[in-house]
Amino acid sequence: MSFGFDLDLLRTFAAVVDSGGFTKAAGRVHLTQSTVSQQVRKLETNIGQALLLRDKSTGSVQTTEAGELLLSYARRLLATAEEAMEVMRKPAAPKTVRLGVPEDFAGRRLIDLLCGFSAASPHIRLDTVSGWSTELRRLLDAGEIDLALIKREPGDGACLASWKEELIWVESAARAVEMDPVPLAVFPVGCIYRDRAIRAIERSGRRWRIAYTSQGLMGVQAAVASGLGISLLPSDAVLAEHRQLGAVDGFEDQPASEMALVKGRAGLSNEAKYLGRFLADNLA
């Protein structure tokens, strides 16, 4: 005959052994002495073996071999049950929101933003992945991220929020570069700054060449500062080591680009909506 272990019966059995008798065990498990006796007898009946030897003259008890073996398992089962209850009493784990960010945004600016979000919403875990806009759109479509900040042409599709980015032509402030063909320090294919720079130079009728390519903003900034090439960068990425180029240098002002907060096709969780509102308020 099969049976399952009743944790209440095991708890009472262990209390009788630990306290050395039925009377003291009754107080420990908050039951009457007769109920304690009934529970131990029921456990013995379920198992089909005597578990305790009772000394009626002294009221003490001693485990049988079967009782000694069961006591070892009982302690482990009770400890595991208590551990499970403790885990279940704890607050639920933070909900995770997955955010895609542009490669040139994944620096100090992002860290400051995430610190502010973490302080304001400790109940939400934020996972970020950096990439270029084409890759972030793919991740959104695949449902691998919930939200993304992407660089794009203004008004290029629906978005939850958007911010204009002023674009500036820059060269090294310390070292002039040969401008025929125009050497470009740029991000990889798919970056709006790269596309804008190439199209603008071609419209002016000049030749161009890729002098330096970097996945990260710091690489492009350093390349420009060292005189490897010129670049078209957002205004907040221009350094003191850069010199702004203008119409007098043959580089016409460029219309602003846009950073937009977009979502995938799936609906957003409440946590993702909260992150969206936070970004809209703090990136303005």
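Residues numbered from 1 in each chain as written. Predicted model: local features only at pLDDT ≥ 70, side-chain atom pairs only at ≥ 80, totals over all residues. Heavy atoms only, no water.

Looking only at helices and strands, the chain features nine helices and 12 strands. Taking 19 Å as the expected radius of gyration for a compact globule of 284 residues, we find that the chain reaches 35 Å, considerably beyond that expectation. Pairs at least 24 residues apart make up 73% of the contacts formed inside the chain by residues separated by at least 6 positions. Each charge class in the chain was averaged separately, 34 positive and 35 negative side chains, and the resulting centres sit 6 Å apart. (Helix = DSSP H or I, 4+ residues; strand = E, 2+ residues; numbered from the N terminus. Rg over C-alpha atoms; globule rule 2.2 N^0.38 Å. Contact = heavy atoms within 4.5 Å. Lys, Arg positive; Asp, Glu negative; His and termini not counted. Charge placed at Lys NZ, Arg CZ, Asp CG, Glu CD.)

On the secondary structure map, Tyr-193 appears in helix H7 (residues 192-203). Given a relative accessible area of 2%, Tyr-193 falls into the buried group. Put simply, Tyr-193 and Gly-250 are 57 residues apart on the chain and 18 Å apart in space, counted from C-alpha to C-alpha. (Buried < 20%, exposed > 50% of the residue type's maximum accessible area, 1.4 Å probe, protein only.)

Turning next to the sheet that holds strand S4 (residues 124-131). Here five strands make up an open sheet; going across it, the order is S4-S3-S5-S12-S6 and the pairing mixed. Each of the sheet's edge strands pairs with one partner strand only, and the pair in question is S4 and strand S6 (161-165). Across this sheet, the average inter-strand angle for adjacent strands is 20°, counted without regard to direction. Bridge count between strand S5 (residues 147-152) and strand S12 (residues 257-263): six bridges; the pairing is antiparallel. Across the sheet, residue Arg-152 finds its bridge partner in S12, namely Glu-258. (Pairing = 2+ DSSP bridges. Axes fitted to C-alpha atoms, helices over the stretch in contact; angles between N-to-C directions.)

Turning our attention to the UniProt feature "domain: HTH lysR-type" (unreviewed entry) in the chain. Residues given the UniProt feature "domain: HTH lysR-type" (unreviewed entry) here are residues 5-63. Segment residues 5-63 splits into 61% helix and 14% strand. End C-alpha atoms: 18 Å apart. (UniProt positions renumbered as here; feature names shortened; annotations may be inferred.)

Let us now look at the layout of surface pockets. Of the volumes computed, that of the second largest pocket is approximately 170 Å³. It is H7 that provides the largest number of residues to the lining of the second largest pocket, a total of four residues. Classifying every residue of the lining of the second largest pocket gives two nonpolar, three polar and eight charged. Looking at which domains feed residues into the lining of the second largest pocket, each of domain 2 (95-164 + 258-283) and domain 3 (166-255) gives three or more. (1 Å grid on protein atoms, 1.4 Å probe; cavity = no way out; pocket = protein on both sides within 12 Å on 5 of 7 lines; lining within 4 Å. Points joined across faces, edges and corners; volume = space filled by probe spheres on them. Nonpolar A, V, L, I, M, F, W, Y, C, P; charged D, E, K, R; others polar. Domains from an automatic or database assignment.)

What follows deals with unusual backbone geometry. A cis amide bond links Asp-180 with the next residue in sequence, Pro-181, at an omega value of -5°. Along the chain, the position of Pro-181 falls in the loop between strand S7 (167-172) and strand S8 (182-186).

The next subject is the packing of aromatic side chains. For the coordinates displayed, the defined rule picks out five aromatic pairs. Centroid distance Phe-117 to Tyr-274: 6.1 Å. Interplanar angle 55°. Geometry classified as tilted. Note that Phe-117 is positioned in helix H5 (residues 108-120) and Tyr-274 in helix H9 (residues 270-282), a separation of 157 residues in sequence. Taking the relative accessible area as the measure of exposure, Phe-117 reaches 2% and is therefore buried. Tyr-274 sits in the partly exposed class, given a relative accessible area of 27%. On the basis of an interplanar angle of 75° and a centroid distance of 5.1 Å, the ring pair of Phe-117 and Phe-278 is categorised as edge-to-face. (Phe/Tyr/Trp six-rings, centres within 6.5 Å; stacked < 30°, edge-to-face > 60°.)

With that settled, consider the domain arrangement of the chain. Many structure descriptions define interface size as the accessible area lost when the parts assemble. Segmentation of the chain into domains returns domain 1 (7-89), domain 2 (95-164 + 258-283) and domain 3 (166-255). Of note, the centres of domain 1 and domain 2, computed from C-alpha atoms alone, are 57 Å apart.

This brings us to H7. Working note: α-helix, 3.6 residues per turn, so residues spaced by three or four point in the same direction. Over its 12 residues, H7 extends 16 Å from the first C-alpha to the last, a length consistent with the 16 Å expected when each residue adds 1.5 Å. Those residues of H7 that fall on the buried side of the exposure criterion are Ile-192, Tyr-193, Arg-194, Arg-196, Ala-197, Ile-198, Ala-200 and Ile-201. Just beyond H7, the residue with positive phi is Gly-205, at close to 85°. (Expected span 1.5 Å × (residues − 1).)

The next subject is the pairing of strand S3 (residues 95-102). Sheet topology note: the S3/S4 ladder contains eight bridges and is parallel. Bridged to Leu-99 within S4 is Thr-128. In this sheet, S5 lies alongside S3 in parallel orientation, the contact comprising two bridges. Across the sheet, Leu-99 pairs through a bridge with Leu-147, a residue of S5.

This part takes up the packing of helix H1 (residues 7-19) against helix H2 (residues 22-29). Their axes nearest at 8 Å, the elements H1 and H2 cross at an angle of 125°. It follows from the interaxial angle that H1 and H2 lie oblique. The way H1 lies across H2 gives a crossing that is right-handed. Note on element contacts: H2 touches H1 through Phe-22, Lys-24, Ala-25, Arg-28 and Val-29, opposite Arg-11, Thr-12, Ala-15, Val-16, Asp-18 and Ser-19. Of the residues contributing to the contact of H1 with H2, the split by class is five nonpolar, two polar and four charged. (Parallel < 35°, antiparallel > 145°, perpendicular 65-115°, else oblique. Left-handed = near helix turned anticlockwise from the far one by under 90°.)

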